[in-house]
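# Commentary on secondary and tertiary structure
Here's the letter readout for the chains.
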Protein chains: 2
Amino acid sequence: MSELDFYFDFSSPYAYLASFQIDSIAEKHGLKARWRPIMLGAAFKATGNQALVAQPLKGDYAKRDWERQARLYQLPFAPAKDIPILTLHAARAYWWLVEGNEELAKLFAQAIFMAFYVQSRDISDKEVVADVAAEMGINRTALLLAIADPMIKDRLIVETNQAIDRGVFGAPFFFVKDEPFWGGDRLWMLDLWLDRGGW
Amino acid sequence: MSELDFYFDFSSPYAYLASFQIDSIAEKHGLKARWRPIMLGAAFKATGNQALVAQPLKGDYAKRDWERQARLYQLPFAPAKDIPILTLHAARAYWWLVEGNEELAKLFAQAIFMAFYVQSRDISDKEVVADVAAEMGINRTALLLAIADPMIKDRLIVETNQAIDRGVFGAPFFFVKDEPFWGGDRLWMLDLWLDRGGW
(Lines give C-alpha, C1' and ligand atoms only; values in the text may rest on other atoms or scores of the structure.)
Protein backbone atom coordinates (compact mmCIF):
# COMPACT_ATOMS: atom_id res chain seq x y z
CA MET A 1 0.00 0.00 0.00
CA SER A 2 1.15 3.54 -0.56
CA GLU A 3 0.62 6.63 1.55
CA LEU A 4 -2.25 7.74 -0.69
CA ASP A 5 -4.29 5.17 -2.57
CA PHE A 6 -6.98 5.92 -5.14
CA TYR A 7 -9.24 2.92 -5.76
CA PHE A 8 -11.63 3.09 -8.67
CA ASP A 9 -13.37 1.28 -11.47
CA PHE A 10 -13.19 2.83 -14.94
CA SER A 11 -16.95 2.40 -15.00
CA SER A 12 -17.52 4.95 -12.23
CA PRO A 13 -18.36 8.48 -13.40
CA TYR A 14 -17.56 9.72 -9.90
CA ALA A 15 -14.09 8.23 -10.30
CA TYR A 16 -13.71 9.93 -13.68
CA LEU A 17 -14.61 13.26 -12.07
CA ALA A 18 -12.27 12.68 -9.11
CA SER A 19 -9.41 11.62 -11.36
CA PHE A 20 -8.88 15.28 -12.28
CA GLN A 21 -8.39 16.31 -8.64
CA ILE A 22 -6.54 13.61 -6.78
CA ASP A 23 -3.07 14.17 -8.24
CA SER A 24 -3.00 17.88 -7.56
CA ILE A 25 -4.10 17.26 -3.97
CA ALA A 26 -1.37 14.65 -3.67
CA GLU A 27 1.30 16.97 -5.11
CA LYS A 28 0.27 19.77 -2.77
CA HIS A 29 1.29 17.51 0.08
CA GLY A 30 4.42 16.16 -1.58
CA LEU A 31 2.79 12.79 -2.21
CA LYS A 32 2.07 10.63 -5.19
CA ALA A 33 -1.35 9.07 -5.48
CA ARG A 34 -1.23 5.39 -6.30
CA TRP A 35 -4.01 4.67 -8.79
CA ARG A 36 -5.62 1.28 -8.21
CA PRO A 37 -8.29 0.16 -10.66
CA ILE A 38 -10.34 -2.72 -9.30
CA MET A 39 -13.44 -4.69 -10.21
CA LEU A 40 -16.11 -2.77 -8.34
CA GLY A 41 -18.71 -5.44 -9.08
CA ALA A 42 -16.79 -7.81 -6.80
CA ALA A 43 -16.85 -5.22 -4.01
CA PHE A 44 -20.59 -4.80 -4.53
CA LYS A 45 -21.04 -8.54 -4.17
CA ALA A 46 -19.09 -8.49 -0.89
CA THR A 47 -21.35 -5.78 0.51
CA GLY A 48 -24.65 -6.84 -1.00
CA ASN A 49 -24.63 -3.57 -2.90
CA GLN A 50 -25.75 -2.91 -6.46
CA ALA A 51 -24.66 -0.67 -9.27
CA LEU A 52 -26.04 2.83 -8.69
CA VAL A 53 -28.10 2.89 -11.85
CA ALA A 54 -29.84 -0.34 -10.82
CA GLN A 55 -31.22 1.31 -7.69
CA PRO A 56 -34.64 2.98 -7.91
CA LEU A 57 -34.55 6.76 -7.23
CA LYS A 58 -30.85 6.65 -6.38
CA GLY A 59 -29.98 5.67 -9.94
CA ASP A 60 -31.95 8.60 -11.37
CA TYR A 61 -30.35 10.95 -8.89
CA ALA A 62 -26.88 9.70 -9.79
CA LYS A 63 -27.42 10.22 -13.51
CA ARG A 64 -28.59 13.75 -12.93
CA ASP A 65 -25.73 14.37 -10.50
CA TRP A 66 -22.99 13.17 -12.87
CA GLU A 67 -24.11 15.65 -15.50
CA ARG A 68 -24.49 18.39 -12.91
CA GLN A 69 -20.98 17.85 -11.57
CA ALA A 70 -19.51 17.64 -15.05
CA ARG A 71 -21.12 21.00 -15.91
CA LEU A 72 -19.87 22.51 -12.67
CA TYR A 73 -16.27 21.43 -13.30
CA GLN A 74 -16.61 22.13 -17.02
CA LEU A 75 -15.66 18.59 -17.92
CA PRO A 76 -17.07 16.72 -20.89
CA PHE A 77 -19.42 13.90 -20.01
CA ALA A 78 -20.37 11.69 -22.94
CA PRO A 79 -20.04 8.05 -21.83
CA ALA A 80 -20.02 5.67 -24.78
CA LYS A 81 -22.76 3.49 -23.33
CA ASP A 82 -24.88 2.94 -20.25
CA ILE A 83 -22.81 2.13 -17.21
CA PRO A 84 -21.77 -0.11 -15.60
CA ILE A 85 -19.68 -1.56 -18.39
CA LEU A 86 -17.07 -4.32 -18.43
CA THR A 87 -13.77 -2.76 -17.39
CA LEU A 88 -11.80 -5.95 -16.97
CA HIS A 89 -9.58 -5.48 -20.01
CA ALA A 90 -8.68 -1.89 -19.20
CA ALA A 91 -7.93 -2.73 -15.57
CA ARG A 92 -5.75 -5.71 -16.51
CA ALA A 93 -3.87 -3.57 -19.00
CA TYR A 94 -3.23 -1.02 -16.26
CA TRP A 95 -1.80 -3.62 -13.88
CA TRP A 96 0.43 -4.96 -16.62
CA LEU A 97 1.72 -1.48 -17.44
CA VAL A 98 2.29 -0.55 -13.81
CA GLU A 99 4.90 -3.26 -13.43
CA GLY A 100 7.13 -1.56 -15.95
CA ASN A 101 6.31 2.10 -15.52
CA GLU A 102 3.85 3.55 -13.03
CA GLU A 103 3.74 6.95 -14.70
CA LEU A 104 2.91 5.42 -18.06
CA ALA A 105 0.23 3.29 -16.42
CA LYS A 106 -1.36 6.41 -14.94
CA LEU A 107 -1.31 8.19 -18.30
CA PHE A 108 -2.94 5.11 -19.80
CA ALA A 109 -5.64 5.18 -17.09
CA GLN A 110 -6.32 8.83 -17.87
CA ALA A 111 -6.49 8.00 -21.58
CA ILE A 112 -9.00 5.25 -20.83
CA PHE A 113 -11.19 7.68 -18.87
CA MET A 114 -10.96 10.14 -21.77
CA ALA A 115 -11.75 7.46 -24.32
CA PHE A 116 -14.94 6.45 -22.54
CA TYR A 117 -16.28 9.69 -21.08
CA VAL A 118 -15.02 12.24 -23.59
CA GLN A 119 -14.54 10.45 -26.90
CA SER A 120 -17.45 8.02 -26.34
CA ARG A 121 -15.38 4.97 -27.21
CA ASP A 122 -16.45 1.59 -25.88
CA ILE A 123 -13.62 0.61 -23.53
CA SER A 124 -15.36 -2.64 -22.62
CA ASP A 125 -13.99 -3.91 -25.96
CA LYS A 126 -10.41 -5.11 -25.62
CA GLU A 127 -9.62 -3.96 -29.15
CA VAL A 128 -10.53 -0.42 -28.13
CA VAL A 129 -8.36 -0.75 -25.02
CA ALA A 130 -5.50 -1.85 -27.29
CA ASP A 131 -6.19 1.09 -29.63
CA VAL A 132 -6.01 3.58 -26.78
CA ALA A 133 -2.71 2.06 -25.67
CA ALA A 134 -1.32 1.98 -29.21
CA GLU A 135 -2.08 5.70 -29.61
CA MET A 136 0.27 6.24 -26.67
CA GLY A 137 3.02 4.20 -28.30
CA ILE A 138 2.39 1.06 -26.28
CA ASN A 139 2.83 -2.17 -28.21
CA ARG A 140 -0.61 -3.36 -29.13
CA THR A 141 0.22 -7.05 -29.49
CA ALA A 142 2.13 -7.12 -26.22
CA LEU A 143 -0.85 -5.57 -24.47
CA LEU A 144 -3.33 -8.06 -25.89
CA LEU A 145 -1.07 -10.91 -24.84
CA ALA A 146 -0.59 -9.45 -21.38
CA ILE A 147 -4.29 -9.09 -20.59
CA ALA A 148 -4.78 -12.78 -21.42
CA ASP A 149 -1.91 -13.78 -19.13
CA PRO A 150 -3.04 -15.63 -15.95
CA MET A 151 -0.46 -13.69 -13.91
CA ILE A 152 -2.00 -10.37 -14.89
CA LYS A 153 -5.53 -11.69 -14.39
CA ASP A 154 -4.48 -12.77 -10.91
CA ARG A 155 -2.99 -9.41 -10.16
CA LEU A 156 -6.35 -7.72 -10.70
CA ILE A 157 -8.09 -10.28 -8.49
CA VAL A 158 -5.52 -9.81 -5.75
CA GLU A 159 -5.83 -6.02 -5.93
CA THR A 160 -9.62 -6.24 -5.80
CA ASN A 161 -9.63 -8.61 -2.84
CA GLN A 162 -7.09 -6.49 -1.04
CA ALA A 163 -9.32 -3.46 -1.58
CA ILE A 164 -12.33 -5.29 -0.11
CA ASP A 165 -10.19 -6.42 2.84
CA ARG A 166 -9.35 -2.77 3.46
CA GLY A 167 -13.05 -1.89 3.42
CA VAL A 168 -13.59 -0.59 -0.11
CA PHE A 169 -17.29 -0.82 -0.99
CA GLY A 170 -17.63 1.88 -3.65
CA ALA A 171 -15.68 4.15 -5.98
CA PRO A 172 -13.82 6.35 -5.89
CA PHE A 173 -12.37 5.30 -2.58
CA PHE A 174 -9.23 6.78 -1.07
CA PHE A 175 -6.90 5.94 1.77
CA VAL A 176 -4.44 8.21 3.49
CA LYS A 177 -2.41 5.45 5.10
CA ASP A 178 -5.26 3.60 6.84
CA GLU A 179 -7.78 6.42 6.90
CA PRO A 180 -10.62 5.74 4.44
CA PHE A 181 -12.46 8.38 2.39
CA TRP A 182 -15.34 7.33 0.20
CA GLY A 183 -16.49 9.45 -2.72
CA GLY A 184 -15.16 12.28 -4.80
CA ASP A 185 -17.13 14.69 -2.66
CA ARG A 186 -14.86 13.86 0.23
CA LEU A 187 -11.67 15.01 -1.42
CA TRP A 188 -11.88 18.29 0.53
CA MET A 189 -11.81 16.24 3.73
CA LEU A 190 -8.91 14.10 2.54
CA ASP A 191 -7.05 17.32 1.73
CA LEU A 192 -7.79 18.71 5.20
CA TRP A 193 -6.75 15.41 6.76
CA LEU A 194 -3.38 15.68 5.04
CA ASP A 195 -3.08 19.36 6.07
CA ARG A 196 -3.70 18.61 9.71
CA GLY A 197 -2.23 15.14 9.89
CA GLY A 198 -5.64 13.89 10.95
CA TRP A 199 -7.83 14.98 13.85
CA MET B 1 -43.26 22.39 -0.99
CA SER B 2 -41.09 25.30 -0.02
CA GLU B 3 -38.18 26.86 -1.84
CA LEU B 4 -35.71 24.96 0.34
CA ASP B 5 -36.71 21.63 1.86
CA PHE B 6 -34.67 19.62 4.35
CA TYR B 7 -35.82 16.00 4.54
CA PHE B 8 -34.46 13.87 7.35
CA ASP B 9 -35.06 11.13 9.85
CA PHE B 10 -34.08 11.82 13.46
CA SER B 11 -32.25 8.51 13.28
CA SER B 12 -29.71 9.78 10.75
CA PRO B 13 -26.41 11.00 12.23
CA TYR B 14 -25.68 12.70 8.91
CA ALA B 15 -28.94 14.65 9.33
CA TYR B 16 -27.94 15.59 12.89
CA LEU B 17 -24.63 16.92 11.57
CA ALA B 18 -26.30 18.79 8.69
CA SER B 19 -28.94 20.30 10.97
CA PHE B 20 -26.32 22.73 12.27
CA GLN B 21 -25.58 24.06 8.80
CA ILE B 22 -28.75 24.22 6.76
CA ASP B 23 -30.39 27.21 8.45
CA SER B 24 -27.38 29.46 8.14
CA ILE B 25 -27.06 28.57 4.46
CA ALA B 26 -30.76 29.34 4.03
CA GLU B 27 -30.47 32.68 5.84
CA LYS B 28 -27.48 33.68 3.75
CA HIS B 29 -29.77 33.49 0.74
CA GLY B 30 -32.76 35.10 2.39
CA LEU B 31 -34.59 31.80 2.61
CA LYS B 32 -36.09 29.67 5.33
CA ALA B 33 -35.39 25.96 5.28
CA ARG B 34 -38.50 23.88 5.73
CA TRP B 35 -37.59 20.95 8.00
CA ARG B 36 -39.39 17.76 7.00
CA PRO B 37 -38.88 14.71 9.20
CA ILE B 38 -39.95 11.52 7.45
CA MET B 39 -39.78 7.77 8.00
CA LEU B 40 -36.59 6.88 6.20
CA GLY B 41 -37.31 3.17 6.53
CA ALA B 42 -40.23 3.59 4.13
CA ALA B 43 -37.95 5.31 1.60
CA PHE B 44 -35.47 2.45 1.97
CA LYS B 45 -38.23 -0.03 1.21
CA ALA B 46 -39.14 1.92 -1.94
CA THR B 47 -35.55 1.78 -3.18
CA GLY B 48 -34.58 -1.68 -1.95
CA ASN B 49 -32.03 0.01 0.28
CA GLN B 50 -31.02 -0.86 3.81
CA ALA B 51 -29.98 1.05 6.89
CA LEU B 52 -26.31 2.00 6.59
CA VAL B 53 -25.24 0.04 9.64
CA ALA B 54 -26.79 -3.13 8.20
CA GLN B 55 -24.48 -3.00 5.17
CA PRO B 56 -21.14 -4.82 5.38
CA LEU B 57 -18.10 -2.52 5.09
CA LYS B 58 -20.28 0.50 4.43
CA GLY B 59 -21.76 0.31 7.91
CA ASP B 60 -18.31 0.25 9.52
CA TYR B 61 -17.21 3.14 7.37
CA ALA B 62 -20.29 5.15 8.32
CA LYS B 63 -19.74 4.64 12.04
CA ARG B 64 -16.17 5.78 11.75
CA ASP B 65 -17.18 8.69 9.55
CA TRP B 66 -19.88 9.99 11.94
CA GLU B 67 -17.34 10.25 14.73
CA ARG B 68 -14.75 11.76 12.41
CA GLN B 69 -17.17 14.44 11.20
CA ALA B 70 -18.37 15.18 14.72
CA ARG B 71 -14.75 15.70 15.83
CA LEU B 72 -14.08 17.91 12.81
CA TYR B 73 -17.08 20.14 13.52
CA GLN B 74 -16.50 19.90 17.27
CA LEU B 75 -19.97 18.55 17.86
CA PRO B 76 -20.85 16.04 20.56
CA PHE B 77 -21.73 12.60 19.28
CA ALA B 78 -23.13 10.28 21.91
CA PRO B 79 -26.22 8.56 20.49
CA ALA B 80 -28.32 6.92 23.18
CA LYS B 81 -28.42 3.60 21.36
CA ASP B 82 -27.50 1.85 18.15
CA ILE B 83 -29.19 3.36 15.15
CA PRO B 84 -31.53 3.07 13.39
CA ILE B 85 -34.06 3.67 16.14
CA LEU B 86 -37.82 4.21 16.03
CA THR B 87 -38.41 7.89 15.33
CA LEU B 88 -42.13 7.70 14.67
CA HIS B 89 -43.18 9.48 17.87
CA ALA B 90 -40.75 12.34 17.47
CA ALA B 91 -41.68 12.83 13.81
CA ARG B 92 -45.40 12.79 14.56
CA ALA B 93 -44.89 15.31 17.35
CA TYR B 94 -43.04 17.57 14.90
CA TRP B 95 -45.85 17.47 12.36
CA TRP B 96 -48.39 18.24 15.09
CA LEU B 97 -46.37 21.21 16.30
CA VAL B 98 -45.73 22.57 12.82
CA GLU B 99 -49.45 23.15 12.31
CA GLY B 100 -49.49 25.70 15.10
CA ASN B 101 -46.01 27.18 14.98
CA GLU B 102 -43.28 26.26 12.53
CA GLU B 103 -40.53 27.97 14.50
CA LEU B 104 -41.47 26.09 17.66
CA ALA B 105 -41.56 22.84 15.68
CA LYS B 106 -38.03 23.49 14.43
CA LEU B 107 -36.77 24.23 17.94
CA PHE B 108 -38.40 20.99 19.04
CA ALA B 109 -36.65 19.08 16.22
CA GLN B 110 -33.33 20.56 17.31
CA ALA B 111 -34.09 19.58 20.90
CA ILE B 112 -34.84 16.02 19.77
CA PHE B 113 -31.50 15.83 17.94
CA MET B 114 -29.76 17.14 21.10
CA ALA B 115 -31.64 14.71 23.32
CA PHE B 116 -30.52 11.72 21.28
CA TYR B 117 -27.03 12.63 20.08
CA VAL B 118 -25.81 14.87 22.89
CA GLN B 119 -27.73 13.90 26.04
CA SER B 120 -27.98 10.21 25.08
CA ARG B 121 -31.70 10.05 25.75
CA ASP B 122 -33.77 7.36 24.05
CA ILE B 123 -36.07 9.34 21.76
CA SER B 124 -37.66 6.15 20.45
CA ASP B 125 -39.64 6.20 23.71
CA LYS B 126 -42.67 8.47 23.43
CA GLU B 127 -42.39 9.41 27.11
CA VAL B 128 -38.92 10.80 26.38
CA VAL B 129 -40.29 12.69 23.38
CA ALA B 130 -42.96 14.15 25.66
CA ASP B 131 -40.28 15.03 28.26
CA VAL B 132 -38.22 16.90 25.68
CA ALA B 133 -41.33 18.83 24.61
CA ALA B 134 -42.37 19.55 28.18
CA GLU B 135 -38.94 21.03 28.91
CA MET B 136 -39.70 23.55 26.16
CA GLY B 137 -43.04 24.47 27.73
CA ILE B 138 -45.13 22.33 25.38
CA ASN B 139 -48.10 20.64 27.00
CA ARG B 140 -47.10 17.07 27.60
CA THR B 141 -50.61 15.59 27.66
CA ALA B 142 -51.63 17.43 24.50
CA LEU B 143 -48.55 16.08 22.75
CA LEU B 144 -49.19 12.48 23.79
CA LEU B 145 -52.78 12.78 22.59
CA ALA B 146 -51.70 14.35 19.31
CA ILE B 147 -49.22 11.64 18.36
CA ALA B 148 -51.96 9.04 18.81
CA ASP B 149 -54.33 11.04 16.57
CA PRO B 150 -55.01 9.38 13.19
CA MET B 151 -54.84 12.79 11.47
CA ILE B 152 -51.29 13.34 12.69
CA LYS B 153 -50.30 9.77 11.88
CA ASP B 154 -51.61 10.33 8.36
CA ARG B 155 -49.70 13.57 8.03
CA LEU B 156 -46.40 11.74 8.57
CA ILE B 157 -47.36 9.08 6.03
CA VAL B 158 -48.34 11.72 3.47
CA GLU B 159 -45.09 13.63 4.01
CA THR B 160 -43.06 10.43 3.66
CA ASN B 161 -44.83 9.35 0.48
CA GLN B 162 -44.48 12.81 -0.97
CA ALA B 163 -40.75 12.68 -0.25
CA ILE B 164 -40.42 9.34 -2.05
CA ASP B 165 -42.43 10.72 -4.97
CA ARG B 166 -39.93 13.55 -5.18
CA GLY B 167 -37.06 11.04 -5.26
CA VAL B 168 -35.86 11.01 -1.65
CA PHE B 169 -33.95 7.78 -0.98
CA GLY B 170 -31.71 8.80 1.92
CA ALA B 171 -31.12 11.44 4.56
CA PRO B 172 -30.39 14.22 4.79
CA PHE B 173 -31.93 15.14 1.46
CA PHE B 174 -32.45 18.69 0.26
CA PHE B 175 -34.35 20.39 -2.52
CA VAL B 176 -33.83 23.87 -3.89
CA LYS B 177 -37.18 24.09 -5.63
CA ASP B 178 -36.94 20.89 -7.70
CA GLU B 179 -33.18 20.46 -7.61
CA PRO B 180 -32.20 17.51 -5.39
CA PHE B 181 -29.11 17.33 -3.19
CA TRP B 182 -28.39 14.16 -1.25
CA GLY B 183 -26.16 14.14 1.80
CA GLY B 184 -24.75 16.64 4.23
CA ASP B 185 -21.52 16.62 2.24
CA ARG B 186 -23.37 18.28 -0.63
CA LEU B 187 -24.36 21.38 1.31
CA TRP B 188 -21.48 23.28 -0.31
CA MET B 189 -23.03 22.49 -3.70
CA LEU B 190 -26.51 23.50 -2.58
CA ASP B 191 -25.00 26.77 -1.35
CA LEU B 192 -23.27 27.32 -4.70
CA TRP B 193 -26.47 26.43 -6.54
CA LEU B 194 -28.29 29.16 -4.63
CA ASP B 195 -25.43 31.61 -5.26
CA ARG B 196 -25.49 31.05 -8.99
CA GLY B 197 -29.15 30.27 -9.45
CA GLY B 198 -28.15 26.87 -10.80
CA TRP B 199 -25.83 25.98 -13.66
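In case you missed it, the structure is sitting above this.
Calculation rules
- Residues numbered from 1 in each chain as written.
- Chains lettered and ligands numbered in written order.
- Predicted model: local features only at pLDDT ≥ 70, side-chain atom pairs only at ≥ 80, totals over all residues.
- Heavy atoms only, no water.
- Helix = DSSP H or I, 4+ residues; strand = E, 2+ residues; numbered from the N terminus.
- Buried < 20%, exposed > 50% of the residue type's maximum accessible area, 1.4 Å probe, protein only.
- Pairing = 2+ DSSP bridges.
- Axes fitted to C-alpha atoms, helices over the stretch in contact; angles between N-to-C directions.
- Contact = heavy atoms within 4.5 Å.

### A look at unusual backbone geometry
In this structure, Pro172 of chain A follows Ala171 of chain A across a cis peptide bond, with omega equal to -5°. Position of Pro172 of chain A among the secondary structure elements: in the loop between helix 9 (150-166) and strand 3 (173-176). Its identity as a non-glycine residue notwithstanding, Leu57 of chain A has a phi of 65°, on the positive side. With respect to the helices, strands and loops of the structure, Leu57 of chain A is situated in the loop between helix 3 (40-47) and helix 4 (58-72). Judged by its relative accessible area of 23%, Leu57 of chain A is partly exposed. Phi is positive for Ser120 of chain B, close to 55°, though the residue is something other than glycine.

### Quick word on the sheet that holds strand 4 (residues 179-182) of chain B
What the four strands build is an open sheet, ordered 2-1-3-4 (chain B); its pairing is mixed. Two strands close off the open sheet at either side, each with one partner strand: strand 2 (34-37) and strand 4 of chain B. Within the sheet, the average angular offset between the axes of one strand and its neighbour, ignoring direction, is 20°. Note that strand 3 (residues 173-176) of chain B and strand 4 of chain B share four bridges and pair antiparallel. Looking across to strand 4 of chain B, one finds that Phe174 of chain B is bridged to Phe181 of chain B. Strands in contact with helix 4 of chain A are strand 3 and strand 4 of chain B; relative to strand 4 of chain B, the strand with the most contacts, it is inclined by about 100°.

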